[in-house]
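Descriptive analysis of the structure
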Amino acid sequence: MDEKYDVVVVGGGAAGLSGALALTRARRSVLVVDDGAPRNAPAGHVHNYLGREGATPAELLASGRAEVAGYGGQFVDGRVTRAERMDDGFLVVLEAGGSVVARRLLITTGLVDELPDIPGVAELFGSDVLHCPYCHGWEVRDQPLGILGGPFGAHQALMWRQWSADVTLFQHTGPALTDDEREQLAARDIAVVTGVVEGLELDGGRLSGVRLAGADVVPRRALVVSPRFTARAGVLTSLGLATVPQEMNGHVVGSYVAADPTGATAVAGVWVAGNVADLRAQVIPAAAAGLNAAAALNADLIAEDVRLAVEARRLMAAHMFDEETWEERYRAQPAVWSGRPNAQLVAEASALTPGSALDVGCGEGGDALWLAARGWQVTAVDFATAALDRGAERAAALGADVAARIRWVHADVTGWAPDVRFDLVSAQFMHLPGEPRRALFTRLAAAVAPGGTLLVVGHHHSDLETSAHRVHVPDMFFTAEEVADSLDGGQWDVLVTEARPRTAGEHEGAGITVRDAVLRARRRD
Ligand SMILES: Cc1cc2nc3c(=O)[nH]c(=O)nc-3n(C[C@H](O)[C@H](O)[C@H](O)COP(=O)(O)OP(=O)(O)OC[C@H]3O[C@@H](n4cnc5c(N)ncnc54)[C@H](O)[C@@H]3O)c2cc1C
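Before going into details, it helps to say that this report is about the structure given with it. (Residues numbered from 1 in each chain as written. Predicted model: local features only at pLDDT ≥ 70, side-chain atom pairs only at ≥ 80, totals over all residues. Heavy atoms only, no water.)

A short note on the sheet that holds strand S14 (residues 217-219)
With antiparallel pairing, three strands are arranged side by side in an open sheet as S12-S13-S14. Every other strand in the sheet has two partners, leaving strand S12 (197-203) and S14 as the edge strands with one partner each. On average, adjacent strands in this sheet sit at an angle of 30° to one another, irrespective of strand direction. Across three bridges, the pairing between strand S13 (residues 206-212) and S14 is antiparallel. Residue pairing across strands places Arg 211 opposite Val 217, the latter belonging to S14. (Pairing = 2+ DSSP bridges. Helix = DSSP H or I, 4+ residues; strand = E, 2+ residues; numbered from the N terminus. Axes fitted to C-alpha atoms, helices over the stretch in contact; angles between N-to-C directions.)

As structure tokens, then:
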């Protein structure tokens, strides 16, 4: 058992397992907690289940469990006593001790059949004491059947007559029959017996007759009763949901927990399916409701995942130009960058004669070290001291000559201007929002000595249309042409303006093709 799941399903019957199957297949982490008392457990077989007609309830659940487990679903055998809302989900408390956290709950705890308090009824329920003609009618066809009277006694007797010609209605404590009902029962050869039923007669553990007050016994092979269908709603009531009485023809026949057509309850994040929400649902409708709820629940999780991702992205975008953010980023890992010089610097500067160079946004100094090793006197500027320290260490490791050729300057380039000019000014992936970026590039251009080179490289706009890992701040992307346009044509020869393809590195979406905006310009002598 993990500590946190996307979904905890409480109740591993048809509804719960079907929901869990859809959710595990939707790649959700799912825990099913089940206390092993499915409603139809007393029945020998499950009927009206297309494709698995006549399977035992246990077989059906075992294969469902295996299917869910096959997609990574986990199981706990036990009872959930209650659940609590938390800030970002639910705490689910287990009777055996311990708890788990879930982002969403699917509650499929079924119902309890509250049986008439007649000795023998509970023991034979599901075998010879029956409630549902579609579940058992075929199995007792042509047998002597009894109907235990209640508000729907005549209705049930007429219904079960479809399966057997030998039906007796025991009026028991039910209401007096109307003239119409008497006529209908007589027309269908249904006997009516008055008197209160006191018990059942058994022979070899099977029903043999129905005993009336006064000891008369009417031989019967099966007795039909009308349980009261009470939702197993303890977990739901612990979350503040109330049960609703289910009425039929003015009589309360049970209780259920109300939900919308997808199974969503009045508590956000809590779905219900199966008998707990729909007392009439047989196994297939219960399973269908579980699937339906799972799809709605998954859609809700997807919407939340998207919202969280957008928030995270916005937060990152809001802080990506902060000194503190970068400082933390460098401190958090031994190396943020590869240590190699940027590809476009190597491509554009290899042929230049070493002189003085300014490297803005130098990071851990990959470019500065490369330039210094080639004989350049480098001023390397960054606002992250952790990065500068790392660069200085690496320079020292390369040798005293290289180290002596680099001056590490701690400054925020958005408010900094050099007091000397350089033979090469290089800005590699120095991304800022539009206005501060344009102001910086203007200052950088002014820092190029006559005959010197301005080299500006950045992520091209078109990367936003690829799967490259780029922060979605369109304003911070630029083209080489935009930079070229900002230069005074009378003072500059623009030598390169390209959207140059490059195979992306590991951290930016390995393997795909991205484009670098590359501007190289030479200030006239
Ligand atoms: C005798 C009988 C025979 C039936 N025969 C048929 C038939 O032939 N065909 C048919 O289609 N339908 C039949 N039904 C109806 C069938 O049982 C239901 O349609 C079906 O069980 C509903 O599925 P469910 O998942 O909603 O609930 P259930 O199958 O009852 O599953 C609910 C599960 O939740 C668990 N649970 C409850 N509370 C907790 C808790 N707090 N913590 C952990 N676990 C909990 C229970 O142990 C149970 O395993 C029959 C019903 C009865 C009573």
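Some words on the state of the cysteines
This structure, assessed with the given rule, holds one disulfide. Two residues share a disulfide in this structure: Cys 132 and Cys 135, whose sulfurs sit 2.4 Å from each other. Measuring the twist about the S-S bond at about 80°, one finds the Cys 132-Cys 135 disulfide to be right-handed. (Disulfide = S-S within 2.5 Å.)

What to know about the pairing of S13
Pairing of S12 with S13, which is carried by six bridges, proceeds in the antiparallel orientation. When the sheet's bridge partners are listed, Gly 199 is paired in S13 with Arg 211. Here S12 hands over to S13 after two residues, with Gly 204 in that stretch at a positive phi of 65°. Linkage of S13 to S14, two consecutive antiparallel strands, is achieved through a turn of four residues, within which Gly 214 is found at a positive phi near 100°.

Thoughts on the nonpolar core
Leu 358, Val 425, Phe 441, Leu 444, Leu 454 and Leu 519 are the most contacted members of the largest nonpolar core, which has 29 residues in total. Every element with two or more residues in this core is listed here: strand S20 (356-360), strand S23 (422-428), helix H14 (434-446), strand S24 (448-459), helix H15 (480-485) and strand S26 (513-523). It is H14 that contributes the most residues to this core, four residues altogether. With near-sequence residues (within four places) excluded, Leu 444 lies in contact with Leu 358, Val 360, Val 425, Ala 427 and Leu 454. Within the second largest apolar cluster, 26 residues are counted, among which are Tyr 5, Ala 102, Ala 233 and Val 235. (Core = buried A, V, L, I, M, F, W, Y, C linked by side-chain atoms within 4.5 Å. Buried < 20%, exposed > 50% of the residue type's maximum accessible area, 1.4 Å probe, protein only. Contact = heavy atoms within 4.5 Å.)

Re the environment of Ala 69
As for its placement among the helices and strands, Ala 69 is situated in helix H2 (residues 57-70). Its relative accessible area of 41% is what places Ala 69 among the partly exposed residues. As for Ala 69 and Val 30, which are separated by 39 residues in sequence, their C-alpha atoms are 9.7 Å apart.

Some points on the packing of aromatic side chains
One pass over the full model with this rule turns up five aromatic pairs. Residues Trp 326 and Tyr 330 carry aromatic rings whose centres are separated by 6.0 Å and whose planes lie at 35° to one another, so their mutual orientation is tilted. Here the residue Trp 326 and the residue Tyr 330 both occupy positions in helix H9 (residues 323-332), the gap between them amounting to four residues, near one helical turn. Both residues of the pair, Trp 326 and Tyr 330, belong to the buried class. Relative to Phe 478, the ring of Phe 441 has its centre 5.4 Å away and its plane inclined at 80°; by these criteria the two rings are edge-to-face. Of the two residues, Phe 441 sits in helix H14 while Phe 478 sits in the loop between S24 and H15, which places them 37 residues apart along the sequence. The exposure class of Phe 441 is buried, given its relative accessible area of 6%. Each residue in the set Tyr 134, Trp 160 and Trp 163 is aromatic and connected to the rest through ring pairs, giving one cluster. The ring centre of Trp 138 lies 4.1 Å from the NZ or CZ of Arg 141, which sits over that ring. (Phe/Tyr/Trp six-rings, centres within 6.5 Å; stacked < 30°, edge-to-face > 60°. Lys NZ or Arg CZ within 6 Å of the ring centre and 35° of its normal.)

Brief notes about a nonpolar patch on the surface
A surface patch of nonpolar side chains, amounting to about 230 Å² of accessible area, comprises Ile 302, Val 306 and Val 310. Within the secondary structure, Val 310 is located in helix H8 (residues 283-319). (Patch = residues over 30% accessible without salt bridge, like charges linked within 9 Å, V, L, I, M, F, W, Y side chains within 5 Å. Areas by Shrake-Rupley, 256 points an atom, 1.4 Å probe, with all protein chains shown as cover. Salt bridge = Lys/Arg side-chain N within 4 Å of Asp/Glu carboxyl O.)

Remarks on H8
Helix length check: H8, at 37 residues, gives a terminal C-alpha distance of 53 Å against a target of 54 Å (1.5 Å per residue), a fit within 8%. Among all positions of H8, only Val 283, Ala 286, Ala 287, Gly 290, Ala 293, Ala 294, Ala 296, Leu 297, Asn 298, Leu 301, Glu 304 and Ala 317 are buried. Buried residues along H8 sit in contact with strand S1 (4-10), helix H1 (14-25), H2, strand S6 (99-107) and strand S19 (270-272). (Expected span 1.5 Å × (residues − 1).)

A word on the sheet that holds strand S21 (residues 377-382)
Adjacent strands of a sheet pair through backbone hydrogen bonds, lying either parallel or antiparallel. Spatial strand order, S22-S21-S20-S23-S24-S26-S25: seven strands in an open sheet with mixed pairing. Strands with a single pairing partner mark the edges of an open sheet, and in this sheet they are strand S22 (406-410) and strand S25 (492-503). Each strand axis lies, on average, 15° off the axis of its neighbour in the sheet, ignoring direction. Inspection of the sheet shows S25 paired to S26 by eleven bridges, in the antiparallel sense. What sits directly across from Arg 500, in S26, is Asp 516. Sheet strands in contact with helix H11 (residues 366-373) are S20, S21, S22 and S23, and its direction is about 155° off that of S22.

Quick notes on a negative patch on the surface
Among the surface-exposed residues, Asp 322, Glu 323, Glu 324, Glu 328 and Asp 412 lie close enough to one another that they form a single negatively charged patch. Here Glu 324 lies in helix H9. (Lys, Arg positive; Asp, Glu negative; His and termini not counted. Charge placed at Lys NZ, Arg CZ, Asp CG, Glu CD.)

What about the site of the ligand?
Near the ligand there are 38 residues, and of these Asp 34, Asp 35, Ala 37, His 47 and Ala 281 occur at the shortest range. Residue His 47 places a main-chain N or O atom 2.8 Å away from an oxygen atom belonging to the ligand. Between Val 80 and the ligand, the recorded distance is 2.9 Å, taken from a backbone N or O atom to a nitrogen atom. Protein contacts shield 98% of the accessible area of the ligand, which totals 990 Å² for the unbound molecule. Elements supplying a minimum of two residues to the shell around the ligand: H1, strand S2 (30-34), helix H4 (133-136) and H8. Tallied by class, residues from the shell around the ligand come to 15 nonpolar, 17 polar and six charged. The two domains that each donate at least three residues to the shell around the ligand are domain 1 (4-111 + 228-307) and domain 2 (116-224). (Near = heavy atom within 4 Å. Polar contact = N/O pair within 3.5 Å; in protein donor to acceptor, adjacent residues only side chain to side chain. Nonpolar A, V, L, I, M, F, W, Y, C, P; charged D, E, K, R; others polar. Domains from an automatic or database assignment.)

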